[in-house]
Amino acid sequence: MLRLALLRHSFTEGNLKKRYIGVTDEPLCLKGISFLKEHYYPEAEHVFVSPLRRCVETARILYPHMPFHIVEELAECDFGDFENKNYQELSDNLDYQKWVDSGGTLPFPNGESRESFRWRSLKGFQRVVYFCMNKGAKSAAVVTHGGNIMSIMEEYAYPRRSYYQWHVDNGCGYVIELEEDLWKLNREEIHLMAKIPHIPSR
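The rules behind these values
- Residues numbered from 1 in each chain as written.
- Predicted model: local features only at pLDDT ≥ 70, side-chain atom pairs only at ≥ 80, totals over all residues.
- Heavy atoms only, no water.
- Pairing = 2+ DSSP bridges.
- Helix = DSSP H or I, 4+ residues; strand = E, 2+ residues; numbered from the N terminus.
- Contact = heavy atoms within 4.5 Å.
- Axes fitted to C-alpha atoms, helices over the stretch in contact; angles between N-to-C directions.
- Salt bridge = Lys/Arg side-chain N within 4 Å of Asp/Glu carboxyl O.
- Parallel < 35°, antiparallel > 145°, perpendicular 65-115°, else oblique.
- Buried < 20%, exposed > 50% of the residue type's maximum accessible area, 1.4 Å probe, protein only.
- Core = buried A, V, L, I, M, F, W, Y, C linked by side-chain atoms within 4.5 Å.
- Polar contact = N/O pair within 3.5 Å; in protein donor to acceptor, adjacent residues only side chain to side chain.
- Phe/Tyr/Trp six-rings, centres within 6.5 Å; stacked < 30°, edge-to-face > 60°.
- Lys NZ or Arg CZ within 6 Å of the ring centre and 35° of its normal.

*Asks:* Break down the sheet that holds strand S4 (residues 139-144) for me, with residues and values.
*Replies:* In spatial order, the strands read S3-S2-S4-S1-S5; together these 5 strands make up an open sheet with mixed pairing. Both outer strands of the open sheet, strand S3 (69-70) and strand S5 (173-178), are each paired with one neighbouring strand and no more. Its contacts with the sheet put helix H5 (residues 114-135) on strand S1 (2-8), strand S2 (46-49), S3, S4 and S5, and the angle it makes with S1 is roughly 145°. On the sheet, helix H6 (residues 146-156) packs against S1, S4 and S5 and is oriented at approximately 140° with respect to S1.

Take a look at the structure:
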């Protein structure tokens, strides 16, 4: 059994201002640093991290004596024209209103679609799982972003919930357990599904 902690990075200034912080490479703010130091986090044999600075800094605070593996696929979504803006600044943006009305399913203008982001996140997660299983690891931590965690939980977690129902706050996360035999069985199904062309959400 593999025990995995999926942890969202702690606060940045953009997070505090409710901005869409995707590819913007912000550091943690003082509140973000102090939050991590005031809470307990699971121990891990291996640590995997998004390449963005806020995740790297979070990992260094939580696991100061451990090397970590950068997983490029676990970077946050590119929010395109919405990047580094909040809902108030976008209130008069027609593309933003269309995106809201779609339930967040439309691609971000000049950014990434949720579906491509989802598959990228799952690919990164699968890399993490197989690395741990090949090493015989019993525990690991993944320090990434809210959207990546929501994508992973929507795909694999029970009971089933939709993407936005797996929202996770800064500095928080989920601990999941994976059974290797069941994972490999389900992975074959995912592999077959990945060959089917994507049908856009309505």
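Past the structure itself, the notes keep going.
*Asks:* Explain the pattern of salt bridges residue by residue, including any values.
*Replies:* In total, this model carries 8 salt bridges according to the counting rule given. For the salt bridge of Glu57 with Arg53, the shortest nitrogen-to-oxygen distance reads 2.7 Å. Residue Glu57 and its partner Arg53 are both found in helix H3 (residues 53-62); the two are separated by 4 residues, about one turn of the helix. When salt bridges that share partners are traced, they join Glu115, Arg118, Glu154 and Glu155 into one network.

*Asks:* Kindly report on the packing of H5 against H6, identifying the contributing residues and their values.
*Replies:* As a packed pair, H5 and H6 sit with axes 9 Å apart at the nearest point and diverge in direction by 80°. As far as their axial angle goes, H6 and H5 are roughly perpendicular. Listed contacts from H6 to Arg114, Phe117, Arg118, Arg120, Ser121, Leu122, Phe125 and Gln126 of H5 are Gly147, Asn148, Ser151, Ile152, Glu154, Glu155 and Tyr156.

*Asks:* Break down the side chain of Arg118 for me, with residues and values.
*Replies:* Along the chain, Arg118 falls in helix H5. Dropping the residues within four chain positions of it, Arg118 is found in contact with Ser151, Glu154 and Glu155.

*Asks:* So, the environment of Glu43: which residues are in play, and what are the values?
*Replies:* Here Glu43 lies in the loop between helix H2 (30-37) and S2. Of the residues examined, Glu43 reaches a relative accessible area of 68% and is grouped as exposed. Remark: the alpha-carbon pair of Glu43 and Ala5, spanning 38 residues in sequence, is separated by 8.9 Å. In contact with Glu43, other than residues within four places in its own chain, are Tyr63 and Ser139.

*Asks:* Go over the nonpolar core with me, naming the residues and quoting the values.
*Replies:* Residues Leu4, Leu6, Phe82, Phe125 and Val128 are the most contacted members of the largest nonpolar core, which totals 36 residues. When residues of this core are traced back to their parent elements, those giving at least two are S1, helix H4 (94-101), H5, S4, H6 and S5. The greatest single-element share of this core, amounting to 7 residues, is contributed by H5. If near-sequence neighbours (up to four positions away) are discounted, Val128 is found in contact with Leu4, Phe48, Val71, Leu74 and Val142. Grouped together as the second largest cluster of nonpolar side chains are 18 residues, Ala5, Phe11, Cys29 and Tyr41 included.

*Asks:* Would you mind going over H3 in detail, with residue names and values included?
*Replies:* With 7 of 10 residues buried, H3 is to be regarded as a mostly interior element. Considered for burial, the residues of H3 that qualify are Arg54, Cys55, Val56, Glu57, Thr58, Ala59 and Leu62. Along its buried surface, H3 packs onto S1, H2, S2, S3 and S4.

*Asks:* A description of the side chain of Glu57 should follow, citing residues and the corresponding values.
*Replies:* In terms of polar contacts, Glu57 uses its side chain to reach the side chain of Arg53, at 2.7 Å. If sequence neighbours within four positions are ignored, Glu57 has contacts with Pro27 and Leu28.

*Asks:* Just give me the short version of the packing of aromatic side chains, but keep the residues and values in it.
*Replies:* Applying the stated criterion to the full structure yields 15 aromatic pairs. Their ring planes at 25° and their centres at 5.9 Å tell us that Tyr96 and Trp99 sit as a pair that is stacked. Taken together, the residues span about one helical turn, with Tyr96 and Trp99 both in helix H4 at a distance of 3 residues. The two residues Tyr96 and Trp99 agree in class, both being buried. For the pair Phe125 and Tyr156, a centre-to-centre distance of 5.5 Å together with 40° between the ring planes defines the contact as tilted. Separated by 31 residues along the polypeptide, Phe125 in helix H5 and Tyr156 in helix H6 bring together distant segments of the chain. When sorted by exposure, Phe125 lands in the same class as Tyr156, which is buried. An aromatic cluster is present here, built from Tyr20, Phe79, Phe82, Tyr96, Trp99 and Phe108 joined pairwise through their rings. Of note, Arg161 hangs over the ring of Trp166, and the distance from its end group to the ring centre comes to 4.6 Å.

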